[in-house]
Amino acid sequence: GQSLEQPSEVTAVEGAIVQINCTYQTSGFYGLSWYQQHDGGAPTFLSYNALDGLEETGRFSSFLSRSDSYGYLLLQELQMKDSASYFCAVRENQAGTALIFGKGTTLSVSS
Amino acid sequence: GAGVSQSPSNKVTEKGKDVELRCDPISGHTALYWYRQRLGQGLEFLIYFQGNSAPDKSGLPSDRFSAERTGESVSTLTIQRTQQEDSAVYLCASSRTGDTEAFFGQGTRLTVV
């Protein structure tokens, strides 16, 4: 079966750096994605890693190690508006399979 | 349309009634996904459509749940004989074939009383 594990909650203060980890067990692997969801809102795409290494997009970076079945989302210079839930998601092959999501990590940023 | 559109945005129904939820994907998106999200929980995969291929129904929790999609357009998720445990937000998403980014609608909040 498929499983994605991530911490349920993370807390941090404004300006800090936080890392949200994700480990996965899937029968195939076509890439690891990250989505952000604010309370009451729709999930929105943040980043995608198909190959090992770090992808940087502004204050957010995402890392993947396929040999370890592990990735993380790194959020820098945290702002209050970053308080949200963050989900990792795996697609097992390019087409023909759905995105499978982890249970999500709730990030609370305080001043 | 500009984004994924879902209707209704809210639905309150009595236990035992059938409900139909609608999703209008982004034009040109061949892949369409349905997820269920209970309060404070993650996204539970329900069903996936990819073009004209047979849908992946492996996430449907019971035979009370079914979904259809006409070609590469609108999809409907039907829940028969609703139960209180069906109360959740039902999210639809779409993407182009092989694309890494899925676009979500705002969801339908279903409350079974």
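Engineer: What should I look at first to understand the pattern of salt bridges in this one?
Structural biologist: Side chains that differ in sign of charge can pair as their charged atoms come close. Residue and element names in this part refer to chain A. Per the counting criterion, the structure on display carries five salt bridges over all chains. The residue Arg 59 makes a salt bridge to Asp 82 at a minimum N-O spacing of 2.7 Å. Taken together, the residues Arg 59 in the loop between β6 (53–57) and β7 (60–65) and Asp 82 in the loop between β8 (70–75) and β9 (84–91) connect sequence positions 23 residues apart. A relative accessible area of 2% places Asp 82 in the buried class.

Engineer: How should I be thinking about the packing of aromatic side chains in this particular structure?
Structural biologist: The description of an aromatic ring pair rests on the distance of the ring centres and on the angle between the ring planes. Overall, the coordinates contain 14 aromatic pairs over all chains when judged by the stated rule. Centre to centre, the rings of Tyr33(B) and Tyr35(B) are 6.2 Å apart; their planes meet at 20°, and the pair counts as stacked. Both residues of the pair, Tyr33(B) and Tyr35(B), count as buried. Through a chain of ring-to-ring contacts, the aromatic side chains of Tyr35(A), Phe45(A), Phe87(A), Phe101(A), Tyr33(B), Tyr35(B), Phe45(B), Tyr48(B) and Phe104(B) assemble into a single cluster.

The rules behind these values
Residues numbered from 1 in each chain as written. Chains lettered and ligands numbered in written order. Predicted model: local features only at pLDDT ≥ 70, side-chain atom pairs only at ≥ 80, totals over all residues. Heavy atoms only, no water. Salt bridge = Lys/Arg side-chain N within 4 Å of Asp/Glu carboxyl O. Helix = DSSP H or I, 4+ residues; strand = E, 2+ residues; numbered from the N terminus. Buried < 20%, exposed > 50% of the residue type's maximum accessible area, 1.4 Å probe, protein only. Phe/Tyr/Trp six-rings, centres within 6.5 Å; stacked < 30°, edge-to-face > 60°.

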